[in-house]
Amino acid sequence: MTTTTTDTARTSRVELAIGGMTCASCAARIEKKLNRMAGVTATVNYATEKAQVTYREDIAVAELVATVEATGYTAAPPAPVRDAGPADGQNGEGRDEGAEELRPLRQRLVTAVLLAVPVVLLAMVPAWQFTYWQWLSLTLTAPVVTYAAWPFHRAAWTNARHGAATMDTLISVGTSAAFAWSVWALFFGSAGMPGMTHGFELTIARGDGAGNLYLEAAAGVTAFVLAGRYFEARSKRRAGAALKALLELGAKEVTVLRDGREESIRTEDLVVGDRFVVRPGEKIATDGTVVEGTSAVDASMLTGESVPVEVGVGDTVTGATLNAGGRLVVAATRVGADTQLARMGRLVEDAQNGKAAAQRLADRISAVFVPVVIALALGTLAFWLISGAGLTAAFTAAVAVLIIACPCALGLATPTALMVGTGRGAQLGILIKGPEVLETTRKADTIVLDKTGTVTTGRMALGAVHTADGTTQAEALRLAGALEHASEHPIARAVAAGAAAGVGALPVPEDFANLPGRGVQGVVEGHAVLVGREKLLAEWAIELPAGLARAKAAAEAAGRTAVVVAWDGEARAVLEVADAVKDTSAEAVGRLRALGLTPILLTGDNRAVAEAVAAEVGIDEVIAEVLPQDKVDVVKRLQGEGRVVAMVGDGVNDAAALAQADLGLAMGTGTDAAIEAGDLTLVRGDLRVAADAILLARRTLGTIRSNLFWAFAYNVAALPLAASGLLNPMIAGAAMAFSSVFVVGNSLRLRGFRPLGR
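Computed from a predicted model, the values in this text were never measured in an experiment. Position labels on residues start from 1 in each chain and follow its written sequence. For a predicted model such as this one, the threshold for reporting local features is a pLDDT of at least 70, and the threshold for listing and counting side-chain atom pairs is 80 or more; totals across whole chains, interfaces and linings nevertheless cover every residue. Values reported for side chains reflect all heavy atoms of the structure, with hydrogen atoms and water molecules removed beforehand.

> Give me the lowdown on helix α2 (residues 61-70), citing residues and values where you can.
Exposed residues in this analysis have more than 50% of their type's maximum accessible area, buried residues have under 20%, and partly exposed residues fall in between, with area computed by a 1.4 Å probe over protein chains only. What counts as a helix is a DSSP run of H or I of at least four residues, what counts as a strand is a run of E of at least two, and both are numbered from the N terminus. Residues Leu64, Val65, Thr67 and Val68 constitute the buried set of α2. On an axial view of α2, the arc spanned by its buried residues comes to 160°, and they lie on one face. In this structure, α2 carries Ala62 and Ala70 as exposed residues pointing more than 90 degrees from its buried face. Once α2 finishes, glycine 72 follows within two positions and takes phi at roughly 105°, a positive value. This arc is built from the directions going out from the helix axis to the C-beta atoms.

This is the structure:
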């Protein structure tokens with residue numbers, strides 16, 4: 001539980017874990033009940049199954065829980081982060097818990113599919129209808145409509161107690177009516193006679209229903225809808241994974257200095273004031289101040305800065321960043337929930353909970369369709385009873401109304417389109433998390449692009465090489481690359497890799513010394529070589545020639561890092577190192593514009609770098625030098641202007657903004673936190689795939705919408721026949737089968753999706 005108290009308003013805040021919700025209308029119902037309490041403001045998120053509740057201090061949390069339970073659901077404060085992690089637990093415990101929660105649903109789905117398939121085949125293929133086939137169908141269908149369909153019946157009962165109706169209500173009533181009428185027809189009508197078959201008399205005539213069986217409808221609908229619920233539940237399990245990924249970024253153990261000795265302890269046992277050691281290659285355990293040593297710290301995952309930051313005594317460092325250089329001793333200034341990493345976790349959580357879950361179109365339609373169908377069935381029953389048609393004929397017509405309205409094709413509409421669309425997406429390197437994200441892709445009009453790792457490679461690379469008169473590029477690269485090859489600094493590795501690619505094998509330095517914050521020096525092939533910042537050359541009284549000085553100034557003005565090379569007492573070259581723009585980024589920006597999206601470059605890097613990258617790829621609007629919390633604020637500001645914002649990012653610093661955006665697209669080459677916070681994952685890390693993802697998601701949504709339209713259209717068209725008592729069971733079966741075949745065929749068209757430009 002997370003509880004905060006504000007002195008001025010005298011309110012507290014608690015997060016409740018909600019159980020028992022089956023659709024978005026459940027979340028709306030709980031939210032409405034909580035908000036009716038005096039002094040309570042609540043937001044319930046169906047996707048994360050959490051309620052954020054702000055309440056007066058004189059209200060007990062138990063009262064909030066009781067209100068939720070009185071509504072027909074469960075509520076409990078989640079376990080503390082240290083005990084169980086933010087959502088899924090630690091050390092795999094949460095994953096096991098999630099698997100345990102999914103297991104009953106998976107068992108019901110497997111049961112329904114295994115038993116429903118032969119029932120449907122027997123009903124649809126007259127040649128297979130042996131002497132007592134109907135009794136076998138009854139035996140197979142009974143577990144499906146009782147055990148497998150139990151979640152729908154339970155939800156329908158909960159809805160009924162609160163005067164509401166959802167798709168669960170229609171599924172429960174329809175499958176129960178189909179099964180109950182079939183049982184009646186078998187035991188008390190003519191359907192149980194040996195040798196009975198379902199013929200294909202497509203005639204419109206009034207009957208008494210004594211020989212009608214609807215077992216395949218009951219079993220098939222249950223199996224189809226359970227499949228959709230199972231895949232939805234799997235995607236919902238991942239809702240809290242972004243927070244878990246953030247938590248796991250931090251160091252698990254830390255070496256502290258106690259009484260002059262080094263001692264290894266758990267990071268969570270650190271207290272403010274502790275001094276701890278960070279060796280090269282280790283993560284910094286918590287936020288603090290450097291009290292000893294100098295180094296380069298790679299903070300790109302948290303800040304987006306592509307260039308490592310040089311730190312020394314008195315500089316502040318952030319937990320979870322990587323020490324890329326020398327040994328540091330750091331004094332802890334913030335620990336636990338006060339660190340920047342923990343605050344970023346809260347930003348992600350708040351953004352996820354604040355983003356309203358997209359309510360499925362089927363649920364919105366069912367809010368009107370279900371009550372209308374039930375009222376029509378009751379009206380049909382009353383009409384035929386009053387008209388003197390007899391009890392059997394009246395019930396036949398009423399049950400026919402419920403059965404023809406039962407969403408067989410509707411159960412297929414979303415899962416089949418999503419299955420085909422996501423399958424095609426996977427072939428193209430696009431992972432769509434669930435149907436909830438699709439609607440946003442149609443409305444998005446602005447796309448915010450992170451720079452580092454998204455538009456650019458995220459890795460430092462050697463660019464232009466400027467040499468003084470009388471010096472060749474090959475000579476400068478060979479000597480500088482040989483010396484930098486002995487260093488672990490990220491810029492040094494970029495120079496060494498670029499040099500090796502340019503001139504081949506590099507010589508081994510005869511002498512080498514690392515000069516933190518300045519560069520490196522040594523002897524290569526008999527030459528005394530200096531590589532690093534200009535101040536390193538100044539220490540040796542070496543000045544840059546005018547040409548190299550101009551090249552250095554131009555490189556820095558463009559946001560690139562300039563590395564100066566000198567040997568034998570003279571400055572010989574300037575090397576440009578930068579985070580290189582991906583070859584495909586400019587083409588990707590053009591594709592995004594073609595989809596009607598306005599691109600904006602958003603980065604924590606400095607403005608000069610950002611504007612240079614934006615100009616190279618064709619982006620007009622740049623927002624630079626922003627912290628992670630500022631990225632969230634930028635997205636909120638754009639949303640406040642009425643824009644529907646898509647966000648593409650890859651780093652931890654993007655996770656909260658990805659969650660806040662209406663549509664989050666995470667680069668699959670990025671961090672787990674970003675991937676889990678996003679709605680779509682681009683596996684290959686190619687920005688062009690972002691345009692393909694949006695287009696595919698729009699096509700998939702369009703397919704779902706057309707599926708839903710036709711699924712309802714068939715039902716609505718047949719309702720008057722059913723209410724008139726003229727619905728021949730074979731016409732009903734044919735209509736339902738044809739609507740299902742149409743929905744599946746329409747969904748399969750997504751297999752032919754082709755990306756832009758291909």
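> A description of the UniProt feature "transmembrane region" (unreviewed entry) in the chain should follow, citing residues and the corresponding values.
UniProt positions are given in the numbering used here, feature names are shortened, and annotations may be inferred rather than shown by experiment. Taking the UniProt record as the reference, the feature "transmembrane region" (unreviewed entry) is found at residues 109-126, 132-150, 170-193, 213-231, 365-386, 392-414, 708-724 and 730-748. Within the segment residues 708-724, helix and strand shares are 94% and 0% respectively, and the terminal C-alpha atoms sit 25 Å apart.

> Break down the sheet that holds strand β19 (residues 519-524) for me, citing the residues and quoting the values.
Two orientations exist for strands paired in a sheet by backbone hydrogen bonds: parallel and antiparallel. A pair of strands is treated as paired once DSSP finds two or more bridges between them. Pairing within the open sheet is antiparallel, and its 6 strands lie in the order β17-β22-β21-β20-β19-β18. Looking at strand neighbours, the two that pair on one side only are β17 (456-467) and β18 (511-515), the edges of this open sheet. This sheet shows a mean twist of 20° between the axes of neighbouring strands, independent of strand direction. Judged from the 7 bridges that link them, β17 and strand β22 (residues 570-581) form a sheet pairing that is antiparallel. For threonine 456, the partnering residue across the bridge sits in β22 and is valine 581. Sitting on the sheet, helix α18 (residues 490-503) is in contact with β17, β21 (561-567) and β22, with an inclination near 65° to β17. Fitted lines through C-alpha atoms give the axes, limited to the stretch in contact for helices. The angle between two N-to-C directions lies from 0 to 180 degrees. Working rule for contacts: check all heavy atoms of both residues, and any pair within 4.5 Å makes them a contact.

> An account of the nonpolar core is needed here, citing residue identities and associated values.
Residues grouped as a nonpolar core are buried Ala, Val, Leu, Ile, Met, Phe, Trp, Tyr and Cys residues, joined through side-chain atoms within 4.5 Å. Formed by 50 residues in total, the largest nonpolar core has its most connected members in Leu213, Leu226 and Val373. Sorting the residues of this core by element identifies α4 (93-124), α5 (133-148), α7 (167-188), α8 (215-237), α12 (361-386), α13 (391-405) and α26 (688-723) as the ones contributing at least two each. Membership of the second largest hydrophobic core comes to 39 residues, among which are Val455, Leu592, Leu601 and Ala624.

> Could you give me a rundown of the environment of alanine 62, with the residues and numbers involved?
Note that alanine 62 resides in helix α2. Considered as a pair, alanine 62 and alanine 76 are 14 residues apart in the sequence and their alpha carbons are 9.0 Å apart.

> How would you summarise the packing of α5 against helix α6 (residues 150-161) if you had to cite specific residues and measurements?
Running from N to C, α5 and α6 cross one another at 45°; their axes reach a closest spacing of 5 Å. With respect to each other, α5 and α6 are oriented oblique. Counting all contacts with α5, which are made through Val145, Thr146, Tyr147 and Ala148, the residues of α6 involved are Trp150, Pro151 and His153. Each residue receives one of three labels: charged for Asp, Glu, Lys and Arg, nonpolar for Ala, Val, Leu, Ile, Met, Phe, Trp, Tyr, Cys and Pro, and polar for the others, Gly being one of them. Tallied by class, residues from the contact of α5 with α6 come to 5 nonpolar, 2 polar and no charged. The labels follow the angle: roughly parallel below 35 degrees, roughly antiparallel above 145, roughly perpendicular from 65 to 115, and oblique for the rest.

> Would you mind going over the pairing of strand β8 (residues 275-278) in detail, with residue names and values included?
Pairing of strand β6 (residues 253-258) with β8, which is carried by 2 bridges, proceeds in the antiparallel orientation. Paired with threonine 255 across the bridge in β8 is valine 277. Looking at chain direction, β8 and strand β14 (residues 328-334) are connected through 4 bridges and run antiparallel. Its bridge partner being in β14, arginine 275 is matched across the sheet by alanine 331.

> Could you give an account of unusual backbone geometry, with specific residues and numbers?
In terms of backbone geometry, most residues other than glycine have negative phi values and most peptide bonds are trans. Of note in this structure, glutamate 525 is not a glycine but carries a positive phi near 50°. Look at alanine 541: it is not a glycine, yet its phi comes out positive at around 60°. Residue classification places alanine 541 among the exposed positions, given a relative accessible area of 70%.

> With reference to specific residues and values, describe the confidence of the model for the chain.
Summary statistics for the chain give a mean pLDDT of 79 and a share of 79% for residues scoring 70 or more. Per residue, pLDDT captures the predictor's confidence, and it can take any value from 0 to 100. The least confident element of the chain, judged by mean pLDDT, is helix α3 (residues 81-84) at 40; the most confident is strand β23 (residues 598-602) at 94. Within the model, the stretch residues 80-96 combines pLDDT values under 50 with 28 contacts to residues more than four positions away or in other chains.

> An account of the pattern of salt bridges is requested, with residue identities and associated values reported.
By salt bridge we mean one thing: a side-chain nitrogen of Lys or Arg within 4 Å of a carboxyl oxygen of Asp or Glu. Applying the stated criterion to the full structure yields 25 salt bridges. Across the salt bridge formed by arginine 258 and aspartate 274, the nearest N and O atoms sit 3.2 Å from each other. One end of the pair, arginine 258, is in strand β6; the other, aspartate 274, is in the loop between β7 (261-266) and β8, and 16 residues separate them in sequence. Among the ionic pairs, glutamate 587 bridges to arginine 688, the shortest N-O distance being 3.3 Å.

> Describe the environment of glutamine 473, and please don't skip the residues or the numbers.
Relative to the helices and strands, glutamine 473 is located in helix α17 (residues 473-484). Residue glutamine 473 is classed as partly exposed on the basis of its relative accessible area, which comes to 43%. Residues glutamine 473 and alanine 573, 100 residues apart in the sequence, show an inter-C-alpha distance of 8.2 Å. Leaving out residues up to four positions away in the same chain, glutamine 473 has contacts with Val465 and Thr467.

> Would you mind going over a nonpolar patch on the surface in detail, with residue names and values included?
A contiguous nonpolar surface patch, about 360 Å² in accessible area, is contributed by Val113, Val117, Leu121 and Trp128. Its location among the elements puts valine 113 in helix α4. A patch consists of residues exposed above 30% relative accessible area that lack any salt bridge, with like charges linked at up to 9 Å and nonpolar side chains (Val, Leu, Ile, Met, Phe, Trp, Tyr) linked at up to 5 Å. We get accessible surface area from the Shrake-Rupley algorithm with a probe of 1.4 Å; when it comes to residues, only the shown protein chains can shield them.

> Describe the sheet that holds strand β25 (residues 645-649), and please don't skip the residues or the numbers.
The sheet built from 7 strands is open, its strands ordered β15-β27-β26-β25-β16-β23-β24 with mixed pairing. The open sheet is flanked by β15 (430-432) and β24 (621-623), the only strands paired with a single partner. For this sheet the average axis-to-axis angle between neighbouring strands, irrespective of direction, equals 20°. Looking at chain direction, β25 and strand β26 (residues 663-667) are connected through 4 bridges and run parallel. Note on β26: the bridge partner recorded for glycine 649 is alanine 666. Of the strands in this sheet, β23 and β24 are in contact with helix α22 (residues 607-617), which crosses β24 at around 155°. The strands that α26 touches are β15, β16 (446-450), β25, β26 and β27 (680-682); relative to β15, the one it contacts most, it runs at about 40°.

> Pulling in residues and values, what's your account of the pairing of β6?
Within a regular strand, side chains alternate between the sheet's two faces. Sheet analysis places β6 next to β7, joined by 6 bridges and oriented antiparallel. Paired with threonine 255 across the bridge in β7 is serine 264. Remark: 2 residues form the turn of the hairpin made by β6 and β7, two consecutive strands paired antiparallel; aspartate 259 in that turn has positive phi of roughly 55°.

> Can you break down the packing of aromatic side chains residue by residue, with the values?
Note on aromatic pairs: each is described by the distance of the centres and the angle between the planes. Planes of paired rings set the category: under 30 degrees apart is stacked, over 60 is edge-to-face and the rest tilted, where pairs are Phe, Tyr or Trp rings (Trp by its six-membered ring) whose centres lie within 6.5 Å. Inspection of the entire model under this criterion finds 3 aromatic pairs. Measuring from ring centre to ring centre gives 5.1 Å for tryptophan 181 and tryptophan 184, while their planes differ by 25°; the resulting arrangement is stacked. Taken together, the residues tryptophan 181 and tryptophan 184, both in helix α7 and 3 residues apart, mark about one turn of the helix. Residue classification places tryptophan 181 among the buried residues on the basis of a relative accessible area of 8%. The ring of tyrosine 147 has arginine 108 sitting right over it, with the charged end atom 4.8 Å from the ring centre. By the criterion adopted, a ring carries a charge over it if an Arg CZ or a Lys NZ lies within 6 Å of its centre and within 35 degrees of its normal.

> Could you give an account of α6, naming the residues involved and the relevant values?
In this model α6 runs 17 Å from its N-terminal to its C-terminal C-alpha over 12 residues, within 8% of the 16 Å that 1.5 Å per residue would give. Taken as a whole, α6 has its buried residues at Pro151, Phe152, His153, Ala155, Ala156, Thr158 and Asn159. Two residues or fewer past α6, glycine 163 is found with a positive phi of approximately 65°. Under the convention used throughout, the expected extent of a helix is 1.5 Å for every residue step, that is, one less than its residue count.

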